[in-house]
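Structural characterization, general
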Amino acid sequence: MDSDTVATTPRLALRLHRSSDLDRLVAIHSRPDVARYLLQDPWTLEDGEAQLERRLPRTDLAEPVGALALVVEREGLLIGTVSLWRTEQERRTVEIGWTLDPAHGGDGYATEAVAAGLRIAFGQDDVHRVTAQLDARNAASERLAARVGMRQEAHHRQDFWSKGEWTDTLVFAVLADEQRPRQALDRRPD
């Protein structure tokens, strides 16, 4: 396991970003079908450089950083990202976000990566709650949030102006005491 690997699953590694990730990140985030539900427009190379510079120092959920930006690798290929960050409203709450290359969709990789992200978050002694805010049109992410044990807590109608239109936001969450029993069930004996 590399020194920058934060977590592994049976098929994936979640690790810190590297400068060498730029081309793969841009390849994924420049796709209109990926960017559709994200805050940014499809990335250019310059956008990718700026985003990577923002992500490189996000290496720890503990203070003072309070943010962890991870890439998801399958057999050494970067196929997506999972990010965790402390929210400003309540420091015992962590928000999670994810992106997966559609070329690797449908095989459970996103579910596996997000579940690992939740384990990382709840591995912090002080984390009480993890939330996810989704564009309500993103049905795949909505289903994924439910699969990893998050429940929908809110549907905010036309609350966000994104790329020239009002969009709805879904808020999902899971509490530490709900996740820990689920994690015990997910573990298989060696």
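Note that this is a predicted model, so its numbers are computed, not measured.

With that settled, consider the environment of R18. Note that R18 resides in the loop between β2 (13-16) and α1 (22-29). You can call R18 partly exposed: its relative accessible area is 26%. For the pair R18 and Q124, spaced 106 residues apart in the sequence, the C-alpha separation amounts to 24 Å. Among the polar contacts made by the side chain of R18, one reaches the side chain of D4 at a distance of 2.8 Å.

Here the focus is the nonpolar core. In this structure, L14, L84, I96, W98, V130 and M150 are the most contacted members of the largest nonpolar core, which totals 36 residues. Listed by contribution, the elements that provide at least two residues to this core are β2, β4 (67-74), β5 (77-86), β6 (93-100), α4 (109-122), β7 (129-135), α5 (139-147) and β9 (165-175). Here this core gets 10 residues from one element, more than from any other, and that element is α4. Beyond its immediate chain neighbours, meaning those up to four positions away, I96 contacts V82, S83, L84, W85, V114, G117, L118, V130, T131, A132 and M150. One finds L25, V26, I28 and V34 within the second-largest nonpolar core, a separate group that totals 9 residues.

As a further point, take the pattern of salt bridges. Taken as a whole and assessed by the stated rule, the structure comprises 14 salt bridges. The salt bridge involving E178 is made with R151; its shortest N-O contact spans 2.9 Å. Residue E178 is located in helix α6 (residues 176-186), and its partner R151 is located in strand β8 (residues 151-162); the two are separated by 27 residues in the primary sequence. Since its relative accessible area comes to 30%, R151 is described here as partly exposed. Salt bridges linked by common partners bring R24, R31, D33 and D101 together as one network.

The next point concerns the pairing of β5. The buried fraction of β5 is high, at 8 of 10 residues. Strand direction decides the pairing type here: β4 and β5, joined by 8 bridges, are antiparallel. Its bridge partner being in β5, R74 is matched across the sheet by L77. In this structure, the hairpin formed by β4 and β5 is closed by a connection of 2 residues, where E75 is found at a positive phi of approximately 50°. Both β5 and β6 contribute to a ladder of 7 bridges, which runs antiparallel. Within β6, the residue paired with T81 across the bridge is T99.

Attention now goes to α5. The set of residues buried in α5 consists of S141, L144 and A145. Looking straight down α5, one finds its buried side chains confined to an arc of 100°; they lie on one side. In this fold, the buried residues of α5 make contact with β6, α4, β7 and β9. Downstream of α5 by one or two residues, G149 has phi in the positive range, about 95°.

Under the 1.5 Å per step criterion, the end-to-end length of α4 is 20 Å for 14 residues, consistent within 8% with the ideal 20 Å. Taken across its 14 residues, α4 has 13 buried, putting it largely inside the fold.

In this section: the packing of aromatic side chains. Tallied over the entire structure, the rule returns 1 aromatic pair. Ring geometry for W161 versus W166: centroids 5.3 Å apart, planes at 70°, classification edge-to-face. Classification of W166 as partly exposed rests on a relative accessible area of 47%.

A contiguous patch of negative charge on the surface is contributed by D41, E46, D47, E49 and E53. Locating D47 in the fold gives a position in helix α3 (residues 45-55). Note on D47: relative accessible area 34%, which makes it partly exposed.

Calculation rules
Residues numbered from 1 in each chain as written. Predicted model: local features only at pLDDT ≥ 70, side-chain atom pairs only at ≥ 80, totals over all residues. Heavy atoms only, no water. Helix = DSSP H or I, 4+ residues; strand = E, 2+ residues; numbered from the N terminus. Buried < 20%, exposed > 50% of the residue type's maximum accessible area, 1.4 Å probe, protein only. Polar contact = N/O pair within 3.5 Å; in protein donor to acceptor, adjacent residues only side chain to side chain. Core = buried A, V, L, I, M, F, W, Y, C linked by side-chain atoms within 4.5 Å. Contact = heavy atoms within 4.5 Å. Salt bridge = Lys/Arg side-chain N within 4 Å of Asp/Glu carboxyl O. Pairing = 2+ DSSP bridges. Arc of directions from axis to C-beta. Expected span 1.5 Å × (residues − 1). Phe/Tyr/Trp six-rings, centres within 6.5 Å; stacked < 30°, edge-to-face > 60°. Patch = residues over 30% accessible without salt bridge, like charges linked within 9 Å, V, L, I, M, F, W, Y side chains within 5 Å. Areas by Shrake-Rupley, 256 points an atom, 1.4 Å probe, with all protein chains shown as cover. Lys, Arg positive; Asp, Glu negative; His and termini not counted. Charge placed at Lys NZ, Arg CZ, Asp CG, Glu CD.

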